[in-house]
Amino acid sequence: MDLWVSYALSAKCRARSLMVRLEDDWVPWRPRSALTFASPHLTTVHLDAIHLVDGLLDRLLALPGAAESRPPAAEAAGDLFDSLPDELLNHVISFLPSREAVKSSLVSRRWRHLWRSTPAIRVRGKGNDDFRLFVSSLIVHRDTAPLHSFDIDADVLVIAPEPPYNDPDYEYEGWRGEVDGHMDLWVSYALSAERRARSLKVRLEDEWVPWVPRSALAFASTHLTTVHLDAVCLFDGLLDFSHCPALQSLALVRCRLQGDALVSPSLERMALVHCHSDETRYFDPDYPDERLCIGISTPRLRLMENWRYLNTTTRNSSSR
């Protein structure tokens, strides 16, 4: 790819228009040189599924015809956006998936760094090396702006050659691996005192291999108000949301609940959907005694949605 593009932009060929489109945006083309697109003749560039580092962005934005090649409608739209403050643009960009938010840096020089202070991280995909690199790079290159929300929907299963038999939790046949340890680091970043995320959503593909947070305080935050967890294992300490004094809404989907009670003094809305313990994974509705009974100590709870596999005992008191 580098050779072909280099030929097209050479002094001999002097291409004025360049279009490169690749099928798989999870494996983008990474030009080997910051001067890949350097050309005094190039006026129009269309790139799809390309990894652009800072030097390449500089070259593209400095093309002789970069401004002139924009159609009138784009100029008018650009003028409209230019009149908006950065805070409002950041709010608009925050509704985009993070990959699209990063791509907005190509709109103009002013937009080049806006994604770094966008108050939301929204990532989806398979947990291959490219995905892990993207999420980790996204976190590293963000500025110090706080987060409003952190949303990850991914298949981040790591397949190991054999289960860690020194851990009794994994001593069973058919061991399929475990969730990538980066998940703990990413969530810890979002809930840190510097980022202060108010909304957290973690959804994993494989409920048979749920994410098991390494710390009982994985979700501890004084700022968190909304939590949505899908395919996560919550043991005793993680079922105690007293460390989230501002928490108002909690949704647990396909989660393993291992403990006596779910506790939250501030929770107002809760949904439990297809949750279970190891004992009720194969629950037979003809034998109701086999259902999981879990105490729920949520004195401020106003609304509860409860689907399948779970009987609950609610204690509307602040004694716990």
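Structural data are supplied above this passage.
What you see is a predicted model, and the numbers here were worked out from it, not measured in a lab.

Calculation rules
- Residues numbered from 1 in each chain as written.
- Predicted model: local features only at pLDDT ≥ 70, side-chain atom pairs only at ≥ 80, totals over all residues.
- Heavy atoms only, no water.
- Helix = DSSP H or I, 4+ residues; strand = E, 2+ residues; numbered from the N terminus.
- Contact = heavy atoms within 4.5 Å.
- Salt bridge = Lys/Arg side-chain N within 4 Å of Asp/Glu carboxyl O.
- Buried < 20%, exposed > 50% of the residue type's maximum accessible area, 1.4 Å probe, protein only.
- Pairing = 2+ DSSP bridges.
- 1 Å grid on protein atoms, 1.4 Å probe; cavity = no way out; pocket = protein on both sides within 12 Å on 5 of 7 lines; lining within 4 Å.
- Points joined across faces, edges and corners; volume = space filled by probe spheres on them.
- Nonpolar A, V, L, I, M, F, W, Y, C, P; charged D, E, K, R; others polar.
- Core = buried A, V, L, I, M, F, W, Y, C linked by side-chain atoms within 4.5 Å.
- Arc of directions from axis to C-beta.
- Expected span 1.5 Å × (residues − 1).
- Lys, Arg positive; Asp, Glu negative; His and termini not counted.
- Polar contact = N/O pair within 3.5 Å; in protein donor to acceptor, adjacent residues only side chain to side chain.

**Some thoughts on the environment of His-223**
Right, on to step 1. Note that His-223 resides in the loop between β7 (199–204) and β8 (226–230).
Right, on to step 2. C-alpha of His-223 to C-alpha of Leu-191: the two residues are 32 residues apart in sequence and 8.1 Å apart in space.
Right, on to step 3. In this structure His-223 touches Arg-196, Ala-197, Arg-198 and Ala-246, once residues within four positions along its chain are discounted.

**As for the pattern of salt bridges**
Right, on to step 1. This model, assessed by the stated rule, comprises 15 salt bridges.
Right, on to step 2. Note that Arg-30 is salt-bridged to Asp-130, the shortest N-O span being 3.4 Å. Placement of the pair is Arg-30 in the loop between β1 (17–21) and β2 (44–48) and Asp-130 in helix α6 (residues 129–141), with a sequence separation of 100 residues.
Right, on to step 3. We note a salt bridge from Arg-214 to Asp-184, for which the minimum N-O separation is 2.9 Å. Within this pair, whereas Arg-214 is found in the loop between β7 and β8, its partner Asp-184 is found in helix α7 (residues 182–190), the two being separated by 30 residues in sequence.
Right, on to step 4. For Arg-214, a relative accessible area of 58% gives the class exposed.

**Quick look at the pairing of strand β4 (residues 149–155)**
Right, on to step 1. Buried residues dominate β4, accounting for six of its seven residues.
Right, on to step 2. Sheet topology note: the strand β3 (residues 120–126)/β4 ladder contains seven bridges and is parallel. Bridged to Ile-121 within β4 is Phe-150.

**Section: empty space enclosed by the protein**
Right, on to step 1. Within the structure shown, the criterion is met by three cavities of 30 Å³ or more.
Right, on to step 2. There is about 60 Å³ of room inside the largest cavity.
Right, on to step 3. Lining the largest cavity, in full, are Ala-216, Leu-217, Ala-218, Phe-219, Ala-220, Gly-237, Leu-238, Asp-240, Phe-241, His-243 and Cys-244.
Right, on to step 4. By residue class, the composition of the lining of the largest cavity is eight nonpolar, two polar and one charged.

**A look at unusual backbone geometry**
For residues besides glycine, phi is generally negative; the peptide bonds are generally trans as well.
Right, on to step 1. Although it is not a glycine, Ala-49 adopts a positive phi angle of roughly 65 degrees.
Right, on to step 2. Within the fold, Ala-49 resides in the loop between β2 and α2 (54–61).
Right, on to step 3. Residue Ala-49 is classed as buried on the basis of its relative accessible area of 9%.

**Side note on the nonpolar core**
Right, on to step 1. In this structure, Met-183, Phe-219 and Leu-252 are the most contacted members of the largest nonpolar core, which totals 55 residues.
Right, on to step 2. The residues contacting Leu-252, other than those within four sequence positions of it, are Leu-229, Leu-234, Leu-257, Leu-262, Ala-271, Leu-272, Val-273 and Cys-275.
Right, on to step 3. Val-5, Trp-29, Leu-42 and Leu-52 belong to the second-largest nonpolar core, a separate cluster that totals nine residues.

**A look at helix α4 (residues 86–93)**
Since there are 3.6 residues in each turn of an α-helix, residues three or four apart along the chain are aligned in direction.
Right, on to step 1. Within α4, the full set of buried residues consists of Leu-89, Asn-90 and Ile-93. All buried residues of α4 lie within an arc of 100 degrees about the axis, which places them on one face of the element.

**Considering α6**
Right, on to step 1. With 13 residues, α6 extends 18 Å between its outermost C-alpha atoms, agreeing within 8% with the 18 Å of an ideal straight helix rising 1.5 Å per residue.
Right, on to step 2. For α6, the full list of buried residues reads Asp-130, Phe-131, Arg-132, Phe-134, Val-135, Leu-138 and Ile-139.

**Re the side chain of Arg-142**
Right, on to step 1. As for its placement among the helices and strands, Arg-142 is situated in the loop between α6 and β4.
Right, on to step 2. An unpaired buried charge is present at Arg-142: no salt bridge exists, and Asp-143, the closest side chain of opposite charge, is 4.9 Å distant.
Right, on to step 3. Within the structure, Arg-142 has its side chain in polar contact with the backbone oxygen of Ala-145 (distance 3.3 Å).
Right, on to step 4. With residues up to four places along the chain from it excluded, the contact list for Arg-142 reads Arg-116, Ser-117, Thr-118, Pro-119, Ile-121, Leu-147, Tyr-189 and Arg-195.

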